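Summary of the model geometry
Here's the letter readout for the chains.
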Amino acid sequence: MTDEAVEHRRLIIAGSGIAGLSAAIYAARSNNDPLVLEGDEPGGQLTLTTDVANYPGFPDGISGPDLVNNMKEQARQFGTEIDHGIVTDVEADGRPFRVELRDGTVYTCDGLIVASGASARTLGIPGEDELMGFGVSTCATCDGAFFRGEDMLVIGGGDAAMEEANFLTKFADTVYIAHRREEFRAEDYWIDRIEEKVEAGDVKIMKNTEAVEIHGSEEDGVDHVDLVRHPGGHPTDKLDAPDTEQLQLDVGAVFLAIGHTPNTDYLEGTGVEMDDAGYLETQGGDGGGQTKTAVEGIFGAGDVVDHHYQQAATAGGMGVKAALDADDYLEDTVTAEAAEGEEVSAEADD
Ligand SMILES: Cc1cc2nc3c(=O)[nH]c(=O)nc-3n(C[C@H](O)[C@H](O)[C@H](O)COP(=O)(O)OP(=O)(O)OC[C@H]3O[C@@H](n4cnc5c(N)ncnc54)[C@H](O)[C@@H]3O)c2cc1C
């Protein structure tokens, strides 16, 4: 550890999504004085949706930003500090841990809850990067209204793709959904809603179809998308097969809803274990198990661990578990060691 100016915290929570804020509410109520570092997406992914219909306790639904703001208020009421900070590096070869932020701020902390979620994945096809923000987007609720009256393409087959397509029907002439497999992964609730839109003529579904290039320009936005379709799915694996079809779709916007990459780069070298995709490995396995990572004192919660459920309620539940696990750890180690130290110095004084 260098002699740089650092501020010490008992517990830092990296991430201000549902997992981080749920952890903060519990950690603050356990007198662990949490500092939440918000990252570059304050409130997390849920702020991108105006329609959260499945979060328990809200029979009429609630908008994502409202839900997140309620949780922030609740966390602050119990003494949580919430600060804008993006963690870029963690050193965990001894306690306290060292946490460095992008703006150069350095903290030390006794416990760390990693709740930094996952970021939208992109396809890596030509035109995608060049036109990101110029007709290509990973957030329909943010950008859909800019393309009112145009045809739009949503790429993906899970809940987010269905929800985004459903939302875009407010603005689009026709919404196309291209999915590279035969079956959607989305919940029946969303599939049923999309089927209603298909019947109404607002949505057209293209299964076993993959986008291969997006055409357009910064000045004029997206012009059209080249796609391939193969009845056996994963069409780009079968470009030479005789029954692979080449398609061109004239759309004004493309929305990517193809999953997420966990935000865990800053944990490289800490000893925290991650799977091949970068999701945290926690004791008890993924999908809602325990929250302890391979480094004692570092806990994981929410979508950064759980690539199976990826729901607000499951992320929140895991945040609660992480706060409780962190409390046990802080009591058993930091508080107990401090008490031992006091005893030793009292004996020395005698
Ligand atoms: C459009 C959309 C609609 C959805 N609708 C629903 C729905 O209706 N119902 C439902 O249950 N789920 C829904 N989800 C899924 C739900 O939003 C996620 O499962 C949930 O937000 C995960 O919470 P999280 O706290 O684990 O992560 P996230 O919400 O991803 O939050 C991660 C947080 O970590 C921060 N962060 C990232 N990197 C760093 C860093 N280096 N340092 C500090 N902080 C960092 C980010 O800024 C962010 O605050 C939806 C998702 C999307 C995208």
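Residues numbered from 1 in each chain as written. Predicted model: local features only at pLDDT ≥ 70, side-chain atom pairs only at ≥ 80, totals over all residues. Heavy atoms only, no water.

1. Some words on the packing of aromatic side chains
- Evaluated as defined, the whole model comprises six aromatic pairs.
- Their ring planes at 75° and their centres at 6.3 Å tell us that F147 and F255 sit as a pair that is edge-to-face. Highlighted residues: F147 in the loop between α4 (140-143) and β9 (152-155) and F255 in strand β15 (residues 253-256), separated in sequence by 108 residues. Assigned by exposure class, F147 and F255 land together as buried.
- Geometrically, the ring pair formed by F299 and Y329 is edge-to-face, given 6.0 Å between the ring centres and 65° between the ring planes. Note that F299 is positioned in strand β17 (residues 298-300) and Y329 in helix α7 (residues 312-349), a separation of 30 residues in sequence.
- Relative accessible area serves as the criterion here: at 2%, F299 is assigned to the buried category.
- With relative accessibility at 9%, the residue Y329 sits in the buried group.
- Here a set of aromatic residues connected by ring pairs shows up, and it is made of F146, F147 and F255.
- When the ring centre of F184 is taken as origin, the NZ or CZ atom of K207, which lies over that ring, is 5.0 Å away. (Phe/Tyr/Trp six-rings, centres within 6.5 Å; stacked < 30°, edge-to-face > 60°. Helix = DSSP H or I, 4+ residues; strand = E, 2+ residues; numbered from the N terminus. Buried < 20%, exposed > 50% of the residue type's maximum accessible area, 1.4 Å probe, protein only. Lys NZ or Arg CZ within 6 Å of the ring centre and 35° of its normal.)

2. Considering the sheet that holds strand β12 (residues 209-217)
- Read from one edge to the other, the open sheet built from three strands follows the order β12-β13-β14, with strand pairing classed as antiparallel. Both edges of this open sheet fall to β12 and β14 (245-249), since each of them pairs with a single strand only. The mean angle between the axes of side-by-side strands here comes to 20°, regardless of whether they run parallel or antiparallel.
- Here strand β13 (residues 221-229) pairs with β14 via five bridges, running antiparallel. (Pairing = 2+ DSSP bridges. Axes fitted to C-alpha atoms, helices over the stretch in contact; angles between N-to-C directions.)

3. Some points on the site of the ligand
- With respect to spatial proximity, 34 residues lie near the ligand, and among them E38, E41, Q45, D303 and A312 are the closest.
- Backbone polar atom of I18 to an oxygen atom of the ligand: 3.1 Å apart, as the coordinates give it.
- In the environment of the ligand, an oxygen atom lies 2.8 Å from a nitrogen or oxygen atom belonging to the side chain of Q45.
- Considering the ligand on its own, with 1,000 Å² of exposed area, one finds that the protein chains cover 94% of that surface.
- The class makeup of the residues in the shell around the ligand is 12 nonpolar, 15 polar and seven charged. (Near = heavy atom within 4 Å. Polar contact = N/O pair within 3.5 Å; in protein donor to acceptor, adjacent residues only side chain to side chain. Areas by Shrake-Rupley, 256 points an atom, 1.4 Å probe, with all protein chains shown as cover. Nonpolar A, V, L, I, M, F, W, Y, C, P; charged D, E, K, R; others polar.)

4. Topic: the sheet that holds β9
- The parallel open sheet is built from five strands, whose spatial order is β8-β15-β9-β10-β11. Single-partner strands in this sheet number two, and they are β8 (136-137) and β11 (203-206).
- Relative to β11, strand β10 (residues 175-178) is paired through four bridges, and the arrangement is parallel. If you follow I177 over to β11, its bridge partner there is I205.

5. Some points on the domain arrangement of the protein
- When the domains of the protein are assigned, the result is domain 1 (7-120 + 260-349) and domain 2 (128-256).
- Here the C-alpha centroids of domain 1 and domain 2 sit 34 Å apart.
- At the junction of the two partners, domain 1 supplies eight residues and domain 2 supplies 11 residues.
- Area buried by domain 1 at its contact with domain 2 is led by L48, D51 and A120, which between them contribute 55% of it.
- At the boundary of domain 1 and domain 2, one finds zero salt bridges.
- Between the two partners, domain 1 and domain 2, sit zero residue pairs in polar contact (both at pLDDT 80 or more).
- Among the residues forming the side of domain 1 that touches domain 2, the class breakdown is three nonpolar, four polar and one charged. (Domains from an automatic or database assignment. Contact = heavy atoms within 4.5 Å. Buried area = accessible area lost by both parts, 1.4 Å probe. Salt bridge = Lys/Arg side-chain N within 4 Å of Asp/Glu carboxyl O.)

6. What to know about the layout of surface pockets
- As a volume, the second largest pocket reaches approximately 160 Å³.
- Put simply, the parts of the chain that give the lining of the second largest pocket at least two residues each are α1 (18-29), α2 (64-77) and α7.
- No other element matches α2, which puts four residues into the lining of the second largest pocket. (1 Å grid on protein atoms, 1.4 Å probe; cavity = no way out; pocket = protein on both sides within 12 Å on 5 of 7 lines; lining within 4 Å. Points joined across faces, edges and corners; volume = space filled by probe spheres on them.)

7. Digging into α2
- A rise of 1.5 Å per residue sets the reference length of α2, with its 14 residues, at 20 Å; its end C-alpha atoms lie 20 Å apart and thus fit the reference within 8%.
- Residues of α2 that are buried make contact with α1 and β3 (81-83).
- Positive phi shows up at G79, right after α2, with a value of about 110°. (Expected span 1.5 Å × (residues − 1).)

8. Quick word on the pattern of salt bridges
- One pass over the full model with this rule turns up eight salt bridges.
- Close ionic contact of E38 with K72 constitutes a salt bridge, the shortest N to O distance being 2.7 Å. Linking E38 in the loop between β2 (34-37) and α2 with K72 in helix α2, this pair joins segments that are 34 residues apart in sequence. Assigned by exposure class, E38 and K72 land together as buried.

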